[in-house]
Amino acid sequence: MSDMDDRMRDLLRRKADDVPPHRDVPPSMLRRAHRRMAVNGIAVGAIALVLIVGVFAGFQAFAGSSPPVQPVGQPTTPAPHPSTSTHSPHPGTSHSPTPGSPSPSPSASGSSTTPARCRAGNLQIKEYGSNGAAGSIRVEVSMRNVGSTSCALEGYPGMLLLSGTTPMQTKVVRGTSVVVPAIAVRLVTLAPGRVAAYVFGYSDVPTGSETCPSSTALEVTPPNAYAHATIPFSSTACGGVLTTTPVFPGVKVPSS
Amino acid sequence: MNERPDVDTGKLGELYLMHADDAVRLAYLLTGDRALAEDLVQEAFVRLAGRLVHLRDPEAFPAYLRRTVVNLANSTFRRRKVERTYLQRARSEVAATVTRGPDGGVEDRDQMWQALEELPARQRAAIVLRYYEDLPEATIADLLKCRPGTVKSLLSRGLEGMRNHIRGETDE
């Protein structure tokens, strides 16, 4: 038996030696490999795209499932076009003076299906993401309903930059920039535990004589609310200009 | 016509020069056909190039290559089964006339090689992986997608078949 083993090893080794060494890479193989890699790259990209779109659509359906129907009580819709509101730096102002949003002037009529507005006290507000590209920084802020009942958000948030506890010159622009997508104003109903978000951007590269003072915190006033929450926020927003989207459901930023 | 010196194909060329000899030898022993062995190995490299992950881990590459070669050889055998049985029959007829030479001119080694070629693909693969690649039975079982016990029986039936083949030939 072991004799057979040895003969077998010997045979295979000698036969293997029939194969001459390979000193060149066959170009046809490289071409085929190259093509295959290209095809795979495209396939991987396509699969990733499908997955992303799928997840996004699923998330949208999920997050946006509660409030899509807008009853008749909806007042003359808030101006979705860019406008600005300015916080003047009044030291000692503990409340941010302008409620963020287009005040839908609720005629308090019917519309029993629209829950009460979300107030800062019922929301857990925090920054959940930020990234920068070429001088433009984008910041994502989430608002989770930590109250026990559903509440509604609609429109633009108010913001005030702080250095310590000192308010800074802040100019909130409702609009778009390279890092802030165009998002339509919509009514977002938040069931307890659900989350909405908005995105704002600023430039940290000055233009002209603009200054870019450092902030340490940010007051965030939910749309149509009068009280604010303060979150830690270090930035050097030039001119104190913050360009913001309205609030949207979920935390996934809709593509414009 | 000139291929861009792509990073990945460059890496692939490097790997080819390092591992093609071993791979072609294995493929040759598995198939008994040098040209087919070259083709199988090139195909194996192309397939692995499609899975770039494998190219980034040089340590693991030989194992992936071996697995791919074994799989390709097996599927070639499945495809060519009909063709192969025909060829085998033709070859053994020729061989039978040759070995009839009275002076024993046919070498022992050629006889064994021929006996190996007559074996069913899986028995042959088990023998090559065991006696040429010196792989443990567990690894062979993994490569051939069977249980270790099956590897044992593939090996013993393969050796038995070869012994019978040689004995049959020399007796006649």
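Residues numbered from 1 in each chain as written. Chains lettered and ligands numbered in written order. Predicted model: local features only at pLDDT ≥ 70, side-chain atom pairs only at ≥ 80, totals over all residues.

Concerning the overall build of chain B
Working step 1: Each helix and strand in chain B was counted, giving nine helices and zero strands.
Working step 2: Within the span of chain B, comprising 172 residues, buried residues form 32% of the whole.
Working step 3: Looking at chain B alone, contacts between residues at least 24 apart form 60% of all its contacts between residues at least 6 apart. (Helix = DSSP H or I, 4+ residues; strand = E, 2+ residues; numbered from the N terminus. Buried ≥ 20, exposed ≤ 12 C-beta atoms within 10 Å, placed from the backbone. Contact = placed C-beta atoms within 7 Å.)

Remarks on the sheet that holds strand 6 (residues 166-167) of chain A
Residues and elements named next belong to chain A.
Working step 1: Strand order in the open sheet formed by four strands is 6-5-10-11, with antiparallel pairing between adjacent strands. Two strands lie at the open edges of the sheet, namely strand 6 and strand 11 (229-235), each paired on one side alone.
Working step 2: Pairing of strand 5 (residues 158-163) with strand 10 (residues 215-221), which is carried by five bridges, proceeds in the antiparallel orientation. Following the sheet pairing, Leu161 is matched in strand 10 by Leu218. (Pairing = 2+ DSSP bridges.)

So, the environment of A:Lys252
Residues and elements named next belong to chain A.
Working step 1: Along the chain, Lys252 falls in the segment after strand 13 (248-249).
Working step 2: Classification of Lys252 as partly exposed rests on a count of 16 C-beta atoms within 10 Å.
Working step 3: Measuring from C-alpha to C-alpha, the distance between Lys252 and Tyr198 comes to 9.5 Å, with 54 residues separating the pair along the chain.
Working step 4: Look past the residues within four positions of Lys252 in its chain and what remains in contact with it is Phe56 and Phe59.

Side note on the interface of chain B and chain A
A common way to state how big an interface is: give the accessible area lost once the parts meet.
Working step 1: Every contact between the two is made by 29 residues of chain B and, on the other side, 25 residues of chain A.
Working step 2: At the level of elements, helix 1 (7-31), helix 2 (34-50), helix 6 (108-118) and helix 7 (121-131) of chain B are the ones that each hand at least two residues to the side of chain B that touches chain A.
Working step 3: Top element by residues in the side of chain B that touches chain A is helix 1 of chain B. It accounts for 12 residues.
Working step 4: Taken together, the residues that form the side of chain B that touches chain A break down as 18 nonpolar, four polar and seven charged. (Nonpolar A, V, L, I, M, F, W, Y, C, P; charged D, E, K, R; others polar.)

Some details on the nonpolar core
All names here are of chain B.
Working step 1: Counting 50 residues, the largest nonpolar core has Ala23, Ala27, Val41, Ala44, Phe45, Val69 and Val128 as its most contacted members.
Working step 2: It is helix 1 that provides the largest number of residues to this core, a total of 11 residues.
Working step 3: Those residues in contact with Ala23 that lie beyond four places of it in its chain are Val41, Ala44, Leu65 and Val69. (Core = buried A, V, L, I, M, F, W, Y, C linked by C-beta atoms within 7 Å.)

As for the packing of helix 7 of chain B against helix 8 (residues 137-144) of chain B
Residues and elements named next belong to chain B.
Working step 1: Running from N to C, helix 7 and helix 8 point in directions that differ by 140 degrees, and their axes come no closer than 10 Å. It follows from the interaxial angle that helix 7 and helix 8 lie oblique. You can see that helix 7 and helix 8 cross each other, and the crossing is right-handed. Of the residues in helix 8, those in contact with Arg122, Ala125, Ala126, Leu129 and Arg130 of helix 7 are Ile140, Leu143 and Leu144.
Working step 2: Here the residues of the contact of helix 7 with helix 8 are counted per class, giving six nonpolar, no polar and two charged. (Axes fitted to C-alpha atoms, helices over the stretch in contact; angles between N-to-C directions. Parallel < 35°, antiparallel > 145°, perpendicular 65-115°, else oblique. Left-handed = near helix turned anticlockwise from the far one by under 90°.)

As for the environment of B:Gly50
Working step 1: Following the sequence through the fold, B:Gly50 ends up in helix 2.
Working step 2: With near-sequence residues (within four places) excluded, B:Gly50 lies in contact with A:Arg36, A:Met37 and A:Asn40.

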